[in-house]
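# Working through the structure, step by step
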Amino acid sequence: MQYEKIELIIQSSEDGTIYDVSNLAGSIKTSKPIDNSAGKCSFSIDTNVQKLSFPMGSTVSFTVTERGIRKGKFFGYIFQTTPKGDSVEVTAYDQLRYLKNNESYVLTGTTMEKLIRKIGSDFNLRLGTIEGSNYLLPERIEDNKSLGDIIQRAIDFTLQGTKKLYILRDEFGYLCNRDVSKLTTNIIIGDNSLLKDYDFKQDIDSDTYNNVKLYKDNQDTGKREIYIAKDSDNQKRWGKLQLFQNIDEDVTDAQAREKAQQLLKLYNRVKRTLKLKCQGIIELEPGDGIYLQLTDIPGVTFNQEAMISKIEDTYENGVHSMDLEVMFE
């Protein structure tokens, strides 16, 4: 897709100087997943035109105008610069990068959304829309864990308790927690719409399990308690593929059995991976729902909804292209 205009602005973290490098940057790439790892923006600056250097922590703001729509696509902070000949390569990450920090929290009578707000306040993160369901998390101690892992466990517990999936993402400088069911779009990607190429794979070699075995060590009785969920039919077809996982002692028996069943439902399937090379659409973000219409994959037809699990955008010479990884039933 052709874009009309890009704006790439850097503001120094030391003296506040603002640099408009829109016309100095070569290919600009952004990458955003939904697994709580940081969104990334990378580009190179031609230093022949102007000798520039940027202090660590300087802000990067990237805005694109496409089909008459202006949208902020990335806001983050410089974490790395690499001079190479007549250019300097710049790498910036959004606020999710700060979720790599470790901390300890005692969780009592709190919810996922309250926890996110607490962490945002403690670490001076800019928060946007924080959606939630008021579901009370199990009481637990998160001791010396990464903030991202703490939040992800809260999201997982909320999914287990409410059947609603939430994702955390940075929306142009504001950390937001979104209900995935509200992120559907009317964008169709397929044989006759935006698609340029695809990579499709089916396997049971990774992340496929037909036997889930959870355990916890009961400190009071000194015994190990086991919870199993299995699919005997798929074990006959594929052999026994086991997920063996520890759970916290404070998880109740009912919660443990339910979690085993949920993990079996999640992993007891042929893993299908679909990657799409497409014309760019600036409206799309990780977690958004799209509609797939693909008919030329031998033996497989996609005519269904899917969720973007990772999106990589490239802006170069007036053209916006994107690589998508999608999740689907």
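Residues numbered from 1 in each chain as written. Predicted model: local features only at pLDDT ≥ 70, side-chain atom pairs only at ≥ 80, totals over all residues. Heavy atoms only, no water.

## Describing the overall build of the protein chain
Counting its secondary structure elements, the protein chain contains four helices and 21 strands. Overall, the C-alpha framework of the protein chain stretches about 70 × 50 × 35 Å when taken along its three principal axes. Within the protein chain, the fraction of its 329 residues that count as buried is 45%. Of the contacts formed within the protein chain by residues at least 6 apart in sequence, a portion of 66% connects residues at least 24 apart. Counting 43 positive and 50 negative side-chain charges, the protein chain places the centres of these two groups 4 Å from one another. (Helix = DSSP H or I, 4+ residues; strand = E, 2+ residues; numbered from the N terminus. Buried < 20%, exposed > 50% of the residue type's maximum accessible area, 1.4 Å probe, protein only. Contact = heavy atoms within 4.5 Å. Lys, Arg positive; Asp, Glu negative; His and termini not counted. Charge placed at Lys NZ, Arg CZ, Asp CG, Glu CD.)

## Let's talk about the sheet that holds strand β12 (residues 175-179)
Across the sheet, three strands lie side by side as β9-β12-β11; this open sheet has mixed pairing. The open sheet terminates on both sides in strands that have one partner only, identified here as β9 (127-130) and β11 (166-170). Between one strand axis and the next, the sheet turns through 20° on average, direction left out of account. As judged from the two bridges shared by β9 and β12, these two strands associate in the parallel manner. Each bridged residue has a counterpart across the sheet, and for L127 the counterpart in β12 is L175. With respect to the sheet, helix α1 (residues 112-122) is in contact with β9, β11 and β12, its orientation differing from that of β9 by roughly 180°. (Pairing = 2+ DSSP bridges. Axes fitted to C-alpha atoms, helices over the stretch in contact; angles between N-to-C directions.)

## Notes on the packing of aromatic side chains
Within this structure, the stated rule accounts for 12 aromatic pairs. Between Y77 and Y98 the ring centres are 5.9 Å apart and the planes differ by 70°, which places this aromatic pair in the edge-to-face class. Taken as a pair, Y77 in strand β6 (residues 69-84) and Y98 in the loop between β7 (87-93) and β8 (102-107) lie far apart in primary sequence, 21 residues in all. Look at Y77 and you get buried, because its relative accessible area is 16%. Overall, the relative accessible area of 26% leaves Y98 in the partly exposed class. For the pair Y209 and Y267, a centre-to-centre distance of 5.5 Å together with 85° between the ring planes defines the contact as edge-to-face. (Phe/Tyr/Trp six-rings, centres within 6.5 Å; stacked < 30°, edge-to-face > 60°.)

## Re the pattern of salt bridges
Enumeration over the complete set of coordinates arrives at 26 salt bridges. Two residues, E66 and R67, come together in a salt bridge whose shortest N-O distance is 3.1 Å. The buried category is assigned to E66, whose relative accessible area is 0%. Each of E131, R169, E171, R178, K182 and D288 takes part in a single network of salt bridges with overlapping partners. (Salt bridge = Lys/Arg side-chain N within 4 Å of Asp/Glu carboxyl O.)

## Notes on the packing of α1 against helix α2 (residues 147-162)
Close contact between α1 and α2 brings their axes to 9 Å; oriented N to C, the two are set at 165°. Between α1 and α2, the crossing angle belongs to the class labelled roughly antiparallel. The crossing of α1 and α2 is left-handed. For the pair α1 and α2, contact is made by M112, L115, I116 and I119 and by L147, I150, I151, A154, I155 and T158, respectively. In terms of residue class, the contact of α1 with α2 is built from nine nonpolar, one polar and no charged. (Parallel < 35°, antiparallel > 145°, perpendicular 65-115°, else oblique. Left-handed = near helix turned anticlockwise from the far one by under 90°. Nonpolar A, V, L, I, M, F, W, Y, C, P; charged D, E, K, R; others polar.)

## A few points about the environment of V21
Relative to the elements of secondary structure, V21 occurs in the loop between β2 (18-20) and β3 (28-33). For V21, a relative accessible area of 0% translates into the label buried. Residues contacting V21, with those up to four places away along its chain left out, are L8, I10, I45, L52 and F54.

## A look at the environment of L99
For L99, the position within the fold is in the loop between β7 and β8. Along the backbone, L99 and I119 are 20 residues apart, and their C-alpha atoms lie at a distance of 9.1 Å. For L99, the contacting residues outside a window of four places in its chain are L125, S146, L147, G148, I151 and L168.

Keep in mind that these numbers describe shape and distance, not what the molecule does.
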